[in-house]
Amino acid sequence: MILSCETARPNFAVLGHTPTAIPLPGSDCCLQPNFSLAELTSFRVGGTADWFVTPRTHHDLQESLAWAQRHDLPITILGAGSNLLISDRGVPGLVLSTRYLKQTSFDSETGQFTASAGEPIPKLAWRVAKRGWKGFEWAVGIPGTVGGAVVMNAGAHQASLSDCLVQVRVMDTAGHILTLTPEMLRYSYRHSSLQGSNFIVLDATFALSPGHERAEVVAETNRNLQKRKQSQPYHLPSCGSVFRNPESHAAGWLIEQLGLKGYQIGGAQVAHRHANFILNCDNATAQDIFNVIRYVQAQVEEHWSLTLQPEVKFLGEF
Ligand SMILES: Cc1cc2nc3c(=O)[nH]c(=O)nc-3n(C[C@H](O)[C@H](O)[C@H](O)COP(=O)(O)OP(=O)(O)OC[C@H]3O[C@@H](n4cnc5c(N)ncnc54)[C@H](O)[C@@H]3O)c2cc1C
């Protein structure tokens, strides 16, 4: 989707007058008022952002941050929106999506590649597989961007992003660019210190193992994708796994044992194929999904004496 200033709906007063789209200085990009976010998330639910922008360059990003600071607005970052539940009441301040920060470079000598925050993870998995580079086959079924995957320490098939990460470049809210090492990001299961920080991921460098038979790496990547398609419901909107796996058992198993597959509130349902997925199966609201999450948590707490921690990030008020 290409956004243009003409697509803005100027009906939201936040700066003391009726706002219209605001072009960023020295850029084709504009700040869009009252912008619907539902289509920018994999759950396909949620309200509007007071303001929304999709920077295409570091300059756009710096200008957007400076504008938010001048107007004292909070900033929220969106990648591909595949691990987010956005409130029906929307998100205050400026929502900034990094999905159009795109560029990738490969170094065949070292097997390292650097990808900008907006690059889709599955596309990268296929690109490196076709070069015969091993080490990213696990990533093929994760429908996020580099930015979101770096923040979440995305992973699958017993591997995770931090296994092959060399460095991350981030921008702080003052527009300065910093380089961070994996050690500085304190990675663990689906966690990095970027969660809850104000840093915006610009790009990340990964080290893989080059020089393998291309067909072999492509076949392994394809096997991983097929495995996931068989075990997980990809046909309806979701955020993937809703809960982190506790140490004792997989969250899906704990939920399934309680007979909660198919449990539904409004248009939100615990998936039949995988109990750790909640599906938007019939025009769910974000509140429907939130209510199912709380119900499942309460049931697991009551029967297993365990508190399931959500992996999905909540934006806005519930
Ligand atoms: C069908 C399906 C299957 C999935 N399977 C998996 C899986 O196997 N393994 C797994 O780990 N995840 C999985 N996920 C969840 C999700 O795809 C990952 O968490 C992914 O890494 C999120 O990336 P994103 O770009 O969509 O980030 P978003 O959902 O947009 O954001 C996630 C978090 O990262 C922050 N963020 C995003 N971009 C930036 C940036 N540039 N700078 C700073 N902060 C940023 C956001 O503020 C938010 O806190 C799945 C999701 C779906 C829908």
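In this text, all values refer to a predicted model and were calculated from it rather than measured experimentally. Residues take numbers from 1 onward in each chain, read along the sequence in its written order. With the structure being a predicted model, the display of local features is reserved for residues of pLDDT at least 70 and the display and counting of side-chain atom pairs for 80 or more, all residues being used for whole-chain, interface and lining totals.

It is worth spelling out the overall build of the protein chain at this point. A count of helices and strands for the protein chain gives six helices and 17 strands. Radius of gyration here is computed from C-alpha atoms only, and the compact-globule reference equals 2.2 Å multiplied by the residue count raised to the power 0.38. Taking 318 residues into account, the globule formula puts the C-alpha radius of gyration at 20 Å, and the protein chain, at 20 Å, falls close to it. In terms of principal-axis extent, the alpha carbons of the protein chain reach across some 55 × 55 × 30 Å. Contacts in the protein chain between residues at least 24 apart in sequence constitute 63% of all its contacts with a sequence separation of at least 6. Every helix listed is a DSSP run of H or I at least four residues long, and every strand listed is a run of E at least two residues long, numbered separately from the N terminus. For every residue pair, C-beta atoms are placed from the backbone, and the pair is scored as a contact if these atoms sit within 7 Å.

Along the polypeptide, Y295 turns up in helix α6 (residues 286-304). When the C-alpha positions of Y295 and Y263 are compared, they lie 9.5 Å apart, and in sequence the two are 32 residues distant.

This paragraph deals with the nonpolar core. The nonpolar side chains of a soluble globular protein tend to be buried with one another. When buried Ala, Val, Leu, Ile, Met, Phe, Trp, Tyr and Cys residues are joined through C-beta atoms within 7 Å, the set is termed a nonpolar core. With C-beta atoms placed from the backbone, a residue is buried if 20 or more other C-beta atoms are within 10 Å of its own, exposed if 12 or fewer are, and partly exposed between those counts. Grouped together as the largest cluster of nonpolar side chains are 46 residues, with contacts concentrated most on L85, I86, V95, I278 and I289. Breaking this core down by element, the ones donating at least two residues are β2 (30-36), β3 (48-53), β5 (84-86), β6 (91-97), α5 (251-257), β15 (268-270), β16 (278-280) and α6. Sort the elements by how many residues they give to this core and α6 lands first, with seven residues. The source of the domain bounds is an automatic or database domain assignment. Counting contributing residues, this core receives three or more from each of domain 1 (5-97) and domain 3 (233-315). Contact partners of I289, with chain neighbours within four places excluded, come to F43, V45, L85, A268, I278, N280 and A284.

At D72, a residue that is not glycine, the phi angle is positive and equals roughly 55°. Although it is not a glycine, R190 adopts a positive phi angle of roughly 55°. Mapped onto the elements of the fold, R190 is located in the loop between β12 (177-180) and β13 (200-207). The exposure class of R190 is partly exposed, given the 19 C-beta atoms found within 10 Å.

Once that is clear, we can look at the sheet that holds β2. When DSSP locates at least two bridges between a pair of strands, those strands are taken to pair. Pairing in this open sheet of five strands is mixed, and the strands run β1-β2-β3-β6-β4 from one edge to the other. Two strands bound the open sheet, and with one partner strand each, they are β1 (22-23) and β4 (75-78). Bridge analysis of β4 against β6 gives four bridges, and the strand direction is parallel. The residue of β6 that forms the bridge with I75 is L94.

Partitioning the protein chain into domains gives domain 1 (5-97), domain 2 (104-230) and domain 3 (233-315). On a C-alpha basis, the centres of domain 2 and domain 3 stand 26 Å from each other.

This part is about the site of the ligand. By nearness alone, 31 residues border the ligand, and G79, G144, G147, G148 and G240 come closest of all. Going through the elements one at a time, β4, α3 (146-152), β9 (155-156) and β13 are the ones with two or more residues in the shell around the ligand. It is α3 that contributes the most residues to the shell around the ligand, five residues altogether. In this classification, the charged set is Asp, Glu, Lys and Arg, the nonpolar set is Ala, Val, Leu, Ile, Met, Phe, Trp, Tyr, Cys and Pro, and all remaining amino acids, among them Gly, are polar. Considered class by class, the residues forming the shell around the ligand number 16 nonpolar, 14 polar and one charged. Near, for a residue, is defined by distance from a backbone-placed C-beta atom to a molecule or strand, with 6 Å as the limit that must not be exceeded.

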